[in-house]
Amino acid sequence: MKKILIIYTGGTIGMDYSDNGLQVVPGLFKSQLQQLAPVANVHIDLIEYENLIDSSEIKITHWIQMIDQIKRAYTSYDGFVIIHGTDTMAYTASVLAFALKGLSKPVVLTGAQLPLVHRRSDGWSNLIDALYAAGQEDLHEVVISFDHKLLRGCRARKVSTDKFIGFDSMGKTPLAEFGINVSWYKDQWMQARQTEFLPIVLKPVKILVISLYPGYTTDFVAECLATVQVKGLVLRTYGCGNIPLQHPQLAKSIQKASERGIIIINVTQVTEGCIASNYTNGKVEGLGMVSGSDMTTEAALAKLTVLLSTDMSDTAIRAAIGYNLAGELTQK
Ligand code: ASP
């Protein structure tokens, strides 16, 4: 019998309706879990957070707590399921994908668009599929189980607030599909790590995400880059990494910020796409930015968070950003 640890952090799945909108209710998810007869052949232990949250409240301390809980329980369980709100699930999945270094067991995040108390809740199938995935011996990575699909955590994005689809991995083949039959696309799965499981302890590093937008925003970004005191920055540029080179200050500010030691990752604002210097306006290598390839903003932020928590040099971090560490990018 497989042993799975569920870490319940909050989110819609375990919420109930109140006069003040949907809210978390301590103990409710636990009582609902007890009704899960279809997975009676799985041994489940549950850790419920003392302060259940709507995932918009997620903080680095929650990630540190999750990483620590998985680390301490690692040898006692076959897999882990994290119950999480959908709003920031892709951020948490990405952070865990990089921070759980050497992971060789499944860590599956799931939640729901409708709470389990709702008759048409998607939470039941999401949860059952997550438990099923968490029992897969060949799955060595952090994934999201949602709407009958298993997605790589560091490729996923929240794509809908009002459809059951919830998440998508932007054109990438899912890792499994839970139809009437379950299709496990194992050729897409990460290979087992040969290294020891050595999770990284996160530090509260100062990282910023900035999106370009025509007009005053561009002036503001240029001004901000000239003075801002951060260690890492994700710059969401246009198309395949283009920036307005004719702007009087922007390029210079980016270059100066890089010279001040800020590690800047260039990612595209486009939902599905990759940084490439196809255009004159995309020839920005000289500015010191590191190409984020086809990483999502969520993955780029998570990668910076984790790499900047290590004692790697800035040069090593800049190089590591271009490597495919957890299936997050297409390495050229
Ligand atoms: N606001 C909720 C949360 O992220 C949304 C959800 O769970 O679907 O906690």
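Remember, predicted model here, so these are calculated numbers, not experimental data. (Residues numbered from 1 in each chain as written. Predicted model: local features only at pLDDT ≥ 70, side-chain atom pairs only at ≥ 80, totals over all residues. Heavy atoms only, no water.)

*Asks:* Let's hear about the packing of aromatic side chains: which residues, and what values?
*Replies:* Counted according to the given criterion, the structure contains nine aromatic pairs. Ring centres of Tyr 74 and Phe 80 lie 6.4 Å apart, and the angle between their planes is 5°; on these two criteria the pair is classed as stacked. Accessibility expressed as a relative area gives 0% for Phe 80, which makes it buried. Ring centres 5.6 Å apart and planes at 90° place the aromatic pair Phe 178 and Trp 184 in the edge-to-face group. On the basis of relative accessible area, Phe 178 is assigned to the buried category, the value being 6%. A connected cluster of aromatic rings, assembled from ring pairs, spans Tyr 74, Tyr 77, Phe 80 and Phe 197. The ring of Tyr 77 has Lys 3 sitting right over it, with the charged end atom 4.8 Å from the ring centre. Above the plane of the ring of Tyr 74 lies Lys 105, whose end atom (NZ or CZ) is 4.9 Å from the centre. (Phe/Tyr/Trp six-rings, centres within 6.5 Å; stacked < 30°, edge-to-face > 60°. Buried < 20%, exposed > 50% of the residue type's maximum accessible area, 1.4 Å probe, protein only. Lys NZ or Arg CZ within 6 Å of the ring centre and 35° of its normal.)

*Asks:* Requested: an account of the layout of surface pockets, with residues and values cited.
*Replies:* Each pocket or cavity is described by its volume, and for the largest pocket that value is around 390 Å³. As for the largest pocket, its lining consists of 18 residues, of which Phe 98, Lys 101, Gly 102, Ile 200 and Leu 325 are closest to the centre. Of the residues in the lining of the largest pocket, the class split is eleven nonpolar, three polar and four charged. (1 Å grid on protein atoms, 1.4 Å probe; cavity = no way out; pocket = protein on both sides within 12 Å on 5 of 7 lines; lining within 4 Å. Points joined across faces, edges and corners; volume = space filled by probe spheres on them. Nonpolar A, V, L, I, M, F, W, Y, C, P; charged D, E, K, R; others polar.)

*Asks:* Provide a residue-level description of helix H2 (residues 60–73), including the pertinent values.
*Replies:* Across its 14 residues, H2 extends 20 Å between first and last C-alpha, which sits within 8% of the 20 Å expected from 1.5 Å per residue. Within H2, burial applies to His 62, Trp 63, Met 66, Ile 67, Gln 69, Ile 70 and Ala 73. End-on, the buried residues of H2 take up no more than an arc of 160°, which puts them together on one face. In the core, the buried residues of H2 are packed alongside strand E1 (2–10), strand E4 (42–53), strand E5 (79–83), helix H3 (89–99) and strand E6 (107–110). (Helix = DSSP H or I, 4+ residues; strand = E, 2+ residues; numbered from the N terminus. Expected span 1.5 Å × (residues − 1). Arc of directions from axis to C-beta. Contact = heavy atoms within 4.5 Å.)

*Asks:* Please provide a residue-by-residue account of empty space enclosed by the protein, values included.
*Replies:* With the rule as written, the count across this model stands at one cavity of 30 Å³ or more. As a volume, the largest cavity reaches approximately 50 Å³. Around the largest cavity sit Leu 96, Ala 97, Leu 100, Leu 103, Glu 141, Val 142, Arg 152, Cys 154, Met 190, Arg 193 and Ala 326, which together line it. Its residues assigned to classes, the lining of the largest cavity comprises eight nonpolar, no polar and three charged.

*Asks:* Would you mind going over the sheet that holds strand E15 (residues 263–268) in detail, with residue names and values included?
*Replies:* One open sheet holds the four strands; their spatial order is E13-E14-E15-E16, and the pairing between them is parallel. Looking at strand neighbours, the two that pair on one side only are strand E13 (207–211) and strand E16 (290–291), the edges of this open sheet. Taken together, the six bridges between strand E14 (residues 232–237) and E15 define a ladder with parallel strand orientation. Looking across to E15, one finds that Arg 236 is bridged to Val 267. Packing against the sheet, helix H8 (residues 314–321) makes contact with E15 and E16, and its axis sits at approximately 10° to E15. (Pairing = 2+ DSSP bridges. Axes fitted to C-alpha atoms, helices over the stretch in contact; angles between N-to-C directions.)

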